Amino acid sequence: MAENGKKLICIGTSTGGPRALENLLPRFPKTLNVPILIVQHMPPTFTKSLANRLDRLAALRVKEAEDGEDIRSDTAYIAPGNFHMTVRRNRTGLSIQLDQNAPYKGHRPSVNNLFQSVSHIQDYQIIAVVLTGMGTDGTAGLKVLKSMKNDVTAIAESEKTCIVFGMPRSAIQANVIDEIAPIDRMADTILKHLNCGG
């Protein structure tokens, strides 16, 4: 666990993701005190409407991420469609960086890019979550994250609640997942690891 108690939740998802996020985010308390970064494979404009819908459902603030904005606790940031979202340090903490670099294995935004970017944030405990989705996005990023940081807990959605089990299955088969949970238990599972320090 990060000695100073700093924590960050990173979530990657694709097919079936909006429904999974509608199940997950409202289960977090308003006083979570941990920021959430979300990559959902989705075209431009759709991510903003998704963020607005989730903001109405959840106690946390949910918004589409903006380039350069400071990352704040009790807020969930969704990567805009067609932009990679990564994390960088600033003088007061962390901020969001958006770019339109080449798609990573066909994806922009890419879960791999997000996970790899937080592997350089050494004084934070990271909870990395892979939800329902087609393909393998997230697995390569988790491998980097696990190799560079000790205070990482990786959680995958279980097959029984996934719309498509591709992304979680890929991460599980790569042996980079610490726990598997159904979507209706995912919030409790994340909170458990936040409280015990992973």
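Shown above is the structure to which this text applies.
Residues numbered from 1 in each chain as written. Predicted model: local features only at pLDDT ≥ 70, side-chain atom pairs only at ≥ 80, totals over all residues. Heavy atoms only, no water.

> Any chance you could explain the packing of helix α3 (residues 111–118) against helix α4 (residues 139–148) here in plain terms?
Helix-helix packing is characterised by the crossing angle of the two axes and by the distance between the axes. Running from N to C, α3 and α4 point in directions that differ by 5°, and their axes come no closer than 7 Å. Regarding the angle of α3 to α4, the classification is roughly parallel. Counted together, N112, F115, Q116 and V118 of α3 and T139, A140, G141, L142, V144 and L145 of α4 form the full contact between these two elements. Grouping the constituent residues of the contact of α3 with α4 by class yields 6 nonpolar, 4 polar and no charged. (Axes fitted to C-alpha atoms, helices over the stretch in contact; angles between N-to-C directions. Helix = DSSP H or I, 4+ residues; strand = E, 2+ residues; numbered from the N terminus. Parallel < 35°, antiparallel > 145°, perpendicular 65-115°, else oblique. Contact = heavy atoms within 4.5 Å. Nonpolar A, V, L, I, M, F, W, Y, C, P; charged D, E, K, R; others polar.)

> What exactly am I supposed to notice about the packing of helix α1 (residues 17–24) against helix α2 (residues 46–57) here?
Packing of α1 against α2 brings their axes to within 9 Å, and their N-to-C directions diverge by 20°. Taken together, the axes of α1 and α2 are roughly parallel relative to one another. The handedness of the crossing between α1 and α2 comes out as right-handed. Along its contact with α1, which presents P18, L21 and E22, the element α2 presents L50, R53, L54 and L57. Here the contact of α1 with α2 is built from residues that sort into 5 nonpolar, no polar and 2 charged. (Left-handed = near helix turned anticlockwise from the far one by under 90°.)

> Please explain the pairing of strand β6 (residues 94–99) as it appears in this structure.
On a regular strand, each side chain points to the face opposite its neighbour's, so the side chains alternate between the two faces of the sheet. Counting buried positions over the 6 residues of β6 gives 5, a clear majority of the element. Taken together, the 6 bridges between strand β5 (residues 84–89) and β6 define a ladder with antiparallel strand orientation. Paired with R89 across the bridge in β6 is L94. Here β5 folds back onto β6, and the loop between the two strands holds 4 residues. (Buried < 20%, exposed > 50% of the residue type's maximum accessible area, 1.4 Å probe, protein only. Pairing = 2+ DSSP bridges.)

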